[in-house]
Amino acid sequence: MQLAAEALCTCNRDPVFEKVYIIDDDEVSIFLAQTMLEAEGFAREYESFQNPCDAIYQLLPGLQQEEVESIPDVIFLDLNMPQMDGWHFLDRLCPYAEILKRSCQLYILTSSVDSMDTRRAKSYDFLAGFLQKPLEESAIQRILHGPNS
Amino acid sequence: MNVFYSPLQHSAGLESMRLEQLNRRYFNNYPDAIYTIGMDNAFHTVNNTVCQVLQRSREELVGQSFSLFIHPEHWEESVGYFRAASQGAPQRYQTVVLRENGESVFLDVTNFPLKVDGEMVGILGIAKDITLQKERERALLQTSQELQRQNEELELFRKIIAHDFRSPIARLLGLGKLLQKDNLPEKTKQTAVNAILQSAQQLDGMVRDLNQMLTLHHQGDEPRELCDVEELVQLCLSDLQQEISNAEATVTMAGSESLHLFTVKAFLTSIIRNLLSNAIKYRQPGRPLEVVVSVVQHDNEAVISVADNGTGMDLEQVGTSLFKMYKRFHHEIDGKGLGLYLVKEQVRLLGGRIEVESTPGAGTTFTLRLPIL
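Residues take numbers from 1 onward in each chain, read along the sequence in its written order. The naming scheme follows written order: chains are lettered A onward, ligands numbered 1 onward. Local features in this predicted model are restricted to residues whose pLDDT is 70 or higher, and side-chain atom pairs enter the listing and the counts only when it is 80 or higher, whereas totals over whole chains, interfaces and linings include all residues.

## Description of the overall build of chain B
Note the following rule: The helix and strand labels rest on DSSP assignments: H or I over at least four residues marks a helix, E over at least two residues marks a strand, and numbering proceeds from the N terminus. Here, residues touch in the contact sense if the C-beta positions derived from the backbone fall within 7 Å of one another.
When helices and strands are tallied, chain B shows 12 helices and 12 strands. Within chain B, contacts between residues at least 6 apart in sequence are counted, and of these 58% link residues at least 24 apart.

## Remarks on the overall build of chain A
Going by this rule: Three exposure classes are used, based on other C-beta atoms lying within 10 Å of a residue's own C-beta, which is placed from the backbone: buried for 20 or more, exposed for 12 or fewer, and partly exposed in between.
In terms of helices and strands, chain A carries 6 helices and 5 strands. Secondary structure elements of chain A, listed N to C terminal, follow the sequence β-α-β-α-β-α-α-β-α-β-α. Here chain A holds 149 residues, and 40% of them are scored as buried.

## A short note on the packing of helix 8 (residues 229-239) of chain B against helix 10 (residues 265-281) of chain B
Residue and element names in this part refer to chain B. Quick reminder of the rule: Angles run from 0 to 180 degrees between N-to-C directions of axes, and those axes are lines fitted to C-alpha atoms, restricted for helices to the stretch in contact. Under this scheme an angle from 65 to 115 degrees is roughly perpendicular, one under 35 degrees roughly parallel, and one over 145 degrees roughly antiparallel; angles in between are oblique. Helix crossings fall into two classes, left-handed where the near helix is turned counterclockwise from the far one by less than a right angle and right-handed where it is turned clockwise. In this classification, the charged set is Asp, Glu, Lys and Arg, the nonpolar set is Ala, Val, Leu, Ile, Met, Phe, Trp, Tyr, Cys and Pro, and all remaining amino acids, among them Gly, are polar.
Packing of helix 8 against helix 10 brings their axes to within 9 Å, and their N-to-C directions diverge by 50°. By the criterion of interaxial angle, the relationship of helix 8 to helix 10 is oblique. In this structure, helix 8 meets helix 10 at a crossing whose hand is right-handed. Of the residues in helix 10, those touching helix 8 at Leu232, Val233, Leu235, Cys236 and Asp239 are Leu268, Thr269, Ile272, Arg273 and Leu276. By residue class, the composition of the contact of helix 8 with helix 10 is 7 nonpolar, 1 polar and 2 charged.

## Details of unusual backbone geometry
Following Lys133 of chain A, the chain continues to Pro134 of chain A via a peptide bond in cis, the omega torsion being 0°. Positive phi, normally seen in glycine, also occurs at Asn41 of chain B, with a value near 75°. Looking at the secondary structure, you find Asn41 of chain B in the loop between strand 1 (33-38) and strand 2 (43-46). On the basis of neighbour counts, which here come to 16 C-beta atoms within 10 Å, the residue Asn41 of chain B falls in the partly exposed class.

## Topic: the interface of chain A and chain B
If you look at the interface, chain A gives 24 residues, while chain B gives 24 residues. Classifying every residue of the side of chain A that touches chain B by side-chain character gives 13 nonpolar, 7 polar and 4 charged.

## Describing the sheet that holds strand 4 (residues 104-116) of chain B
By definition, the strands of a sheet pair up through backbone hydrogen bonds, in either a parallel or an antiparallel sense. Residues and elements named next belong to chain B. For clarity, the threshold we go by: Two strands are said to pair when DSSP picks up at least two bridges between them.
Spatial strand order, 2-1-5-4-3: 5 strands in an open sheet with antiparallel pairing. Edge positions in the sheet fall to strand 2 and strand 3 (91-98), since each of these pairs with one other strand and no more. Within this sheet the neighbouring strands show an average axis-to-axis angle of 30°, counted without direction. The pairing of strand 1 with strand 5 (residues 119-129) spans 6 bridges and is classified as antiparallel. By the bridge assignment, Ile34 is partnered in strand 5 with Ile126. Packing against the sheet, helix 5 (residues 72-86) makes contact with strand 3, strand 4 and strand 5, and its axis sits at approximately 140° to strand 3.

## A word on the UniProt feature "modified residue: 4-aspartylphosphate" (unreviewed entry) in chain A
Residues and elements named next belong to chain A. Test applied: UniProt positions are given in the numbering used here, feature names are shortened, and annotations may be inferred rather than shown by experiment.
As recorded in UniProt, the feature "modified residue: 4-aspartylphosphate" (unreviewed entry) lies at Asp78. Considering the arrangement of structural elements, one finds Asp78 in the loop between strand 3 (74-77) and helix 3 (86-93). Those residues in contact with Asp78 that lie beyond four places of it in its chain are Ile23, Asp24, Asp25, Ser29, Gly86, Leu109 and Thr110.

## Details of the pairing of strand 9 (residues 290-298) of chain B
Residues and elements named next belong to chain B. Relative to strand 9, strand 7 (residues 250-254) runs parallel, the two sharing 5 bridges. Bridging across to strand 9, Ala254 finds its partner in Ser294. In terms of strand pairing, strand 9 meets strand 10 (residues 301-308) through 8 bridges, oriented antiparallel. Residue pairing for strand 10: Ser294 is matched across the bridge by Ser305. Connecting strand 9 to the next strand, strand 10, in antiparallel fashion are 2 residues, including Asp299 with a positive phi near 50°.

## What to know about the environment of Ala362 of chain B
By the element assignment, Ala362 of chain B lies in the loop between strand 11 (353-359) and strand 12 (363-371). Each C-alpha atom, one on Ala362 of chain B and one on Met313 of chain B, is 8.7 Å from the other, the two residues being 49 residues apart in sequence.

## Some points on the pairing of strand 3 of chain B
Residue and element names in this part refer to chain B. As judged from the 8 bridges shared by strand 3 and strand 4, these two strands associate in the antiparallel manner. Bridging from a neighbouring strand, Tyr93 pairs with Val109 of strand 4. Taking the residues between adjacent antiparallel strands as the criterion, strand 3 and strand 4 are bridged by 5 residues, where Gly102 takes a positive phi near 90°.

## Some thoughts on the confidence of the model for chain A
Formally: Per residue, pLDDT captures the predictor's confidence, and it can take any value from 0 to 100.
The predicted model of chain A has a mean per-residue pLDDT of 89, with 89% of residues at 70 or higher. Between the elements of chain A, mean pLDDT differs from a low of 92, seen in helix 5 (residues 115-121) of chain A, to a high of 97, seen in strand 3 of chain A.

Structure follows, in structure tokens:
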């Protein structure tokens, strides 16, 4: 089943970000996140990965060569995934913490309400935040315009 | 002669006893087993307690090798300890002896070397019966293991609730919020409604699974009955008829042996049904599914195997998580992997074992071994 997320733009501004990655094994979650982001005019381009390994392969060249243009502005990362979980994904990115901090806002977006997960996330200093599913308008607005929006 | 005088009033009588006599009484009536063993391994003297512990008369023991009474599993180490003591070094160790009726008695043994005129003549030993203590230790260990297992399970339940149950709930919340939005394109709306139904079904399935799992824990002492294994397989096949025909699968029974097992019918049925349903779920797309169920008796075990030509899996990658709660390996297939966890638990409760062999792209074989009582 391919879930089509049709353009749903309720705002007429230009999208704030250029490119967003959504990494989640569950396509309903991808559909939901993307539709909500689109409704807020979040980004021009959305790319989703049901297998985080694919995202790693796509990210690595840009990170290694420090080509900031090829790195997405924002990444939403799920934690519970079968082949490679979110933690493993973050571990693979650790060597590139500095360039990530400069060029990309990386958010965990999980349905987990396990406090151990929030605690564990604190050990990755290149993470921009820990978000709980479902992704809400208010959370999207905070990413777009900072905490006081 | 009565020796049990009060020492104050009758010290003269006591004094009249020769020290050797006193020693002998003490030796014979001491509550622990006391004995001497010669260099030829044979009992030389034994006190009453040795006779009580081994439930043999003095005549049956004196002159016999002590190793005749040691439990075969402890024979080698006991002989080793004896040799060390008879070479001059006192030894303390635990061992097990066997009574004539086959009962085991746990002993805490201390053996001292015995020398006469500087020459080793054998050993003097004291053995305390610690069977009761050992039994308590074993019971305690069993209880603590069971507690540990239950605690681990509790932690798993916590994880299931924090992660797995939260996942369809978060989806339902998100989809509900999405549907509240104005100007939703019809197609998006339709997708959201379908996804709501799918998430609710998933949640329902998980609640049912969890309920089944929790019920399982109250079924430790389910009554057992004589079951015809082949009949149970047929029962499962008719339960799964719809799925089997939808998958256009062929299920064959191998091994014409009729096998009866004294077991918990509901568990065995659930195990077989879960294994069959897994085979159907993980079939290789584009290849007609063939499942072979074989039932044979091997020694004192019933060996039931379910082999398929499905997608298979890389067991090295899957590792030990295969039988755990809520682990998913197959990206494309809905549902959480509680089935195999239930299988493992039920097999455990039936006192059996389950093994898996698998080759990615070629198929999987689950082999279940259950004791025939």
